[in-house]
Amino acid sequence: MTHRTFAIGDIHGDIDALRRLFARMPALDGDDTVVFLGDYLDRGPRSREVVRVVRAIDRDMGCQSVALRGNHEDAWLRVIDEGWPEFLLPAQNGCLATLRSFTGSPLGADAMPTAEEMATMLRGDFFPQDVVDWMRTLPWWHEDEHAIYVHAGLPLKDGRWLHPSEAEPRAALLWTRTAAFFRDYRGKRVVVGHTATSTLPQELSAHTPEDPTDLFAGECVLAIDTEAGRGGFLTCVELPEMRVYTSR
């Protein structure tokens, strides 16, 4: 029996998109695995709820689950451990939305932090300790018989694309963004998020290239960050059948 894997792209605080996606996916059982590709936080208004749902999916839906680390979880851990104001300040990173989700404050139309909120963000101490502990346990990658799953992509060294187990520093798996990976990588299929599909070379996609916002299906790379939390939608791909489910 072939076990099914359902890979879900970057959620970014968009709990409504996640719930719509779940409603459109088939019923799951104990032989199925859901792999979340990271970036549960920021931009969308309900990061706290997303984290709660992701952490409980195996219990609530009767499946196995793997929640990978995304660059936004990695960034918040850096904020907590050593400080990183450069990540917090750009509005497009959506950090204020995460703060207000966890503190219960409405995001509001202005989306400008108060001085008190800014001080709290700089420390990152609004996260419950169990959420921080959970973020620290998130794996950098996952692999099964169908594919390698990683948030951003694989690094290139000496003309060779490295397996995730070889990547140093491991953060490269979360932050890398190169056109060469999507154009030139050959090997076992890799499923990634991180880079919005609308920015990828549509002529290389075998899946609805007429719609640049849709899933990117290159020869050996599937990219499924369809911009949930910032005006887009959420995408899931079922392997090995390559069935696609979306929240739109």
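Okay, so let's go over this structure. If you're wondering where the values come from, they're calculated on a predicted model, not measured in any experiment.

**As for helix H1 (residues 15–24)**
Turning to step 1, where the next piece is worked out: Along H1, the positions that sit buried rather than exposed are Ile 15, Ala 17, Leu 18, Leu 21 and Phe 22. Buried residues of H1 fall within an arc of 160° about the axis and therefore sit on the same side.
Turning to step 2, where the next piece is worked out: Structurally, H1 contributes buried residues whose contacts are with strand S1 (5–8), strand S2 (33–36), helix H2 (47–61), strand S11 (235–239) and strand S12 (243–246).

**A few points about the packing of helix H5 (residues 95–103) against helix H6 (residues 115–123)**
Turning to step 1, where the next piece is worked out: Packing of H5 against H6 brings their axes to within 11 Å, and their N-to-C directions diverge by 95°. Here H5 is positioned roughly perpendicular relative to H6, judged by the angle of their axes. Along the contact surface, H5 presents Cys 95, Leu 96, Leu 99 and Arg 100, while H6 presents Glu 117, Thr 120 and Met 121.

**Examining H5**
Turning to step 1, where the next piece is worked out: With 8 of 9 residues buried, H5 lies mostly within the body of the structure.
Turning to step 2, where the next piece is worked out: Along H5, the residues classified as buried are Cys 95, Leu 96, Ala 97, Thr 98, Leu 99, Arg 100, Ser 101 and Phe 102.
Turning to step 3, where the next piece is worked out: Buried-residue contacts for H5 involve H2, helix H3 (71–82), helix H4 (85–88), H6 and helix H7 (129–137).
Turning to step 4, where the next piece is worked out: A positive backbone phi angle near 85° is found at Gly 104, which sits one or two residues after H5.

**Quick look at the sheet that holds strand S3 (residues 64–67)**
Turning to step 1, where the next piece is worked out: Strand order in the open sheet formed by 5 strands is S3-S2-S1-S11-S12, with mixed pairing between adjacent strands. At either margin of the open sheet sits one strand with a lone partner, and together these are S3 and S12. Taking the axes of each pair of neighbouring strands and ignoring which way they run, one obtains an average angle of 20° across the sheet.
Turning to step 2, where the next piece is worked out: In this sheet, S2 lies alongside S1 in parallel orientation, the contact comprising 4 bridges. By the bridge assignment, Ala 7 is partnered in S2 with Val 35.

**A few points about unusual backbone geometry**
Turning to step 1, where the next piece is worked out: A cis geometry characterises the amide bond from Glu 168 onward to Pro 169, with omega recorded as -5°.
Turning to step 2, where the next piece is worked out: Assignment of secondary structure puts Pro 169 in the loop between strand S7 (160–161) and helix H8 (172–175).
Turning to step 3, where the next piece is worked out: The residue after Leu 239, namely Pro 240, is reached through a cis peptide bond having omega 10°.
Turning to step 4, where the next piece is worked out: Residue position: Pro 240 is located in the loop between S11 and S12.
Turning to step 5, where the next piece is worked out: Here Asp 39, not a glycine, exhibits a phi torsion of approximately 65°, which is positive.
Turning to step 6, where the next piece is worked out: Looking at where Asp 39 falls in the secondary structure, it is placed in the loop between S2 and H2.
Turning to step 7, where the next piece is worked out: Judged by its relative accessible area of 2%, Asp 39 falls in the buried class.
Turning to step 8, where the next piece is worked out: Not every positive phi belongs to a glycine, and Glu 227 is a case in point at roughly 70°.
Turning to step 9, where the next piece is worked out: Using a relative accessible area of 22% as the deciding quantity, one classes Glu 227 as partly exposed.

**Things to note about the sheet that holds strand S4 (residues 141–143)**
Turning to step 1, where the next piece is worked out: Within the open sheet, the 5 strands sit side by side as S4-S5-S8-S10-S9. Their pairing is mixed. Since the sheet does not close on itself, it has two edges, and those belong to S4 and strand S9 (216–217), each with one partner.
Turning to step 2, where the next piece is worked out: Pairing between S9 and strand S10 (residues 221–225): 2 bridges, direction antiparallel. Across the sheet, residue Phe 216 finds its bridge partner in S10, namely Ala 223.

**Concerning the nonpolar core**
Turning to step 1, where the next piece is worked out: One finds Ile 8, Phe 36, Tyr 40 and Trp 76 to be the most contacted residues of the largest nonpolar core, which totals 45 residues.
Turning to step 2, where the next piece is worked out: In contact with Tyr 40, not counting residues within four places along its chain, are Ile 11, His 12, Gly 13, Ser 47, Val 50, Val 51, Val 54, Ala 67, Leu 68, Glu 73, Trp 134 and Leu 138.

**Describing the environment of Glu 86**
Turning to step 1, where the next piece is worked out: With respect to the helices and strands, the residue Glu 86 is situated in helix H4.
Turning to step 2, where the next piece is worked out: We classify Glu 86 as exposed; its relative accessible area is 54%.
Turning to step 3, where the next piece is worked out: Once the C-alpha coordinates of Glu 86 and Trp 134 are considered, the two residues, 48 residues apart in sequence, prove to be 24 Å apart.

**Quick notes on the packing of aromatic side chains**
Turning to step 1, where the next piece is worked out: Enumeration over the complete set of coordinates arrives at 16 aromatic pairs.
Turning to step 2, where the next piece is worked out: Here the aromatic rings of Trp 76 and Phe 127 are separated by 5.2 Å at their centres, their planes lie at 75°, and the arrangement is edge-to-face. One end of the pair, Trp 76, is in helix H3; the other, Phe 127, is in the loop between H6 and H7, and 51 residues separate them in sequence.
Turning to step 3, where the next piece is worked out: With relative accessibility at 6%, the residue Phe 127 sits in the buried group.
Turning to step 4, where the next piece is worked out: With 6.0 Å between their ring centres and 90° between their planes, Phe 182 and Phe 216 make a pair best called edge-to-face. With Phe 182 in helix H9 (residues 179–184) and Phe 216 in strand S9, this pair connects stretches of sequence that are 34 residues apart.
Turning to step 5, where the next piece is worked out: With a relative accessible area of 5%, Phe 182 lands in the buried category.
Turning to step 6, where the next piece is worked out: Residue Phe 216 is classed as buried on the basis of its relative accessible area, which comes to 1%.
Turning to step 7, where the next piece is worked out: Each residue in the set Trp 76, Trp 84, Phe 87, Phe 102, Phe 126, Phe 127 and Trp 175 is aromatic and connected to the rest through ring pairs, giving one cluster.
Turning to step 8, where the next piece is worked out: Sitting above the plane of the Trp 140 ring, Arg 69 keeps its charged end 4.4 Å from the centroid.

Conventions and cut-offs
Residues numbered from 1 in each chain as written. Predicted model: local features only at pLDDT ≥ 70, side-chain atom pairs only at ≥ 80, totals over all residues. Heavy atoms only, no water. Buried < 20%, exposed > 50% of the residue type's maximum accessible area, 1.4 Å probe, protein only. Helix = DSSP H or I, 4+ residues; strand = E, 2+ residues; numbered from the N terminus. Arc of directions from axis to C-beta. Contact = heavy atoms within 4.5 Å. Axes fitted to C-alpha atoms, helices over the stretch in contact; angles between N-to-C directions. Parallel < 35°, antiparallel > 145°, perpendicular 65-115°, else oblique. Pairing = 2+ DSSP bridges. Core = buried A, V, L, I, M, F, W, Y, C linked by side-chain atoms within 4.5 Å. Phe/Tyr/Trp six-rings, centres within 6.5 Å; stacked < 30°, edge-to-face > 60°. Lys NZ or Arg CZ within 6 Å of the ring centre and 35° of its normal.

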